[in-house]
Amino acid sequence: MSSEEAQLKEEGVIRASVSFPPELLREFDELAKSLGYRKRSQAICDAMRNFIVEYSWKEAQGNVIGVISFIYEHETGAVAERLLEVEHSFNDVIVSTMHVHLDEENCLEVLVSRGPAERIQKLSNTLQSLRGVKHLKLLTTALVK
Ligand code: NI
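The paragraphs below set out a description of the structure included in this document. Computed from a predicted model, the values in this text were never measured in an experiment.

Moving on to the overall build of the protein chain. Across its full length, the protein chain carries five helices and four strands. Secondary structure elements in the protein chain, listed N-terminal to C-terminal, are α-α-α-β-α-β-β-α-β. The C-alpha atoms of the protein chain give 21 Å as radius of gyration, which overshoots the globular expectation for 145 residues (15 Å, by more than 25%). Along the longest, intermediate and shortest principal axes, the C-alpha atoms of the protein chain span 70 × 35 × 25 Å.

Now the structure itself:
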């Protein structure tokens, strides 16, 4: 083992050689720098962790956390009543709800949910399909072991 390999092993890291399109790397470095990263490796590690959480979420066994946010016009159709019905029928996964009256017409709702990924995805799709609901985002966060 060379002294460099020994040093890396001590730090708990592996050096890997990866190829990037130059433009992609330039954009990545610029953004990482503006976000305050001092080392490219740190930014790449964070990007890889996000990638893993993003793509392993749906296949996850057991419970996951999903944060669903959306805006709705409370006077469109019966959206407020329909939302209440949906939220009550998914009370097995909804942990907490926050409601903000944005202006005369618009409300923002944020739901924190915990449970099987499939069930949370279904909740998200059901909400998205309601008339009057717009800008829905499902944020998938850390897996719950
Ligand atoms: Ni409101």
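Let us keep going from here.
Here we come to the coordination of the nickel ion. Protein coordination at the nickel ion: the donors are His-99 (NE2), His-101 (ND1) and Cys-107 (SG), at 2.0 to 2.3 Å from the metal. One chain supplies every donor for the nickel ion, spaced along it as H-x1-H-x5-C. With a relative accessible area of 32%, His-99 lands in the partly exposed category. With a relative accessible area of 3%, Cys-107 lands in the buried category.

At their nearest, the axes of helix H4 (residues 79–89) and helix H5 (residues 117–128) sit 11 Å apart, and the two run at 175° to each other. In terms of orientation, H4 lies roughly antiparallel with respect to H5. In contact with Leu-83, Val-86 and Ser-89 of H4, H5 contributes Arg-119, Leu-123, Thr-126 and Leu-127. Residues of the contact of H4 with H5, tallied by class, amount to four nonpolar, two polar and one charged.

Within this model, the largest pocket holds a volume of roughly 750 Å³. Lining the largest pocket we find 18 residues, and of these Ile-14, Ala-16, Ser-41, Ile-44 and Cys-45 sit closest to its centre. When contributions to the lining of the largest pocket are tallied by element, the ones reaching two or more residues are helix H1 (3–11), helix H2 (22–34) and helix H3 (40–56). Counting residues per element, the lining of the largest pocket draws most heavily on H3, which supplies six residues. Residues that form the lining of the largest pocket fall into these classes: 13 nonpolar, two polar and three charged. Looking at the second largest pocket, its volume works out to about 210 Å³. The wall of the second largest pocket is formed by Glu-54, Tyr-55, Trp-57, Lys-58, Glu-59, Gln-121, Ser-124, Leu-138, Leu-139 and Thr-140. When contributions to the lining of the second largest pocket are tallied by element, the ones reaching two or more residues are H3, H5 and strand S4 (133–143).

Another aspect to go through is the side chain of Ser-124. In this structure, Ser-124 sits in helix H5. With sequence-adjacent residues up to four places away left out, Ser-124 is seen in contact with Ile-68, Leu-136 and Leu-138.

Our focus in this paragraph is the nonpolar core. Core analysis: the biggest nonpolar cluster contains 20 residues, and Phe-70, Leu-123 and Leu-127 have the highest contact counts within it. Secondary structure elements with two or more residues in this core: strand S1 (63–73), H4, strand S3 (106–116), H5 and S4.

Reading guide: rules and limits
- Residues numbered from 1 in each chain as written.
- Predicted model: local features only at pLDDT ≥ 70, side-chain atom pairs only at ≥ 80, totals over all residues.
- Heavy atoms only, no water.
- Helix = DSSP H or I, 4+ residues; strand = E, 2+ residues; numbered from the N terminus.
- Rg over C-alpha atoms; globule rule 2.2 N^0.38 Å.
- Donors = N, O, S within 2.8 Å, 3.2 Å for Na, K, Ca; no water.
- Buried < 20%, exposed > 50% of the residue type's maximum accessible area, 1.4 Å probe, protein only.
- Axes fitted to C-alpha atoms, helices over the stretch in contact; angles between N-to-C directions.
- Parallel < 35°, antiparallel > 145°, perpendicular 65-115°, else oblique.
- Contact = heavy atoms within 4.5 Å.
- Nonpolar A, V, L, I, M, F, W, Y, C, P; charged D, E, K, R; others polar.
- 1 Å grid on protein atoms, 1.4 Å probe; cavity = no way out; pocket = protein on both sides within 12 Å on 5 of 7 lines; lining within 4 Å.
- Points joined across faces, edges and corners; volume = space filled by probe spheres on them.
- Core = buried A, V, L, I, M, F, W, Y, C linked by side-chain atoms within 4.5 Å.

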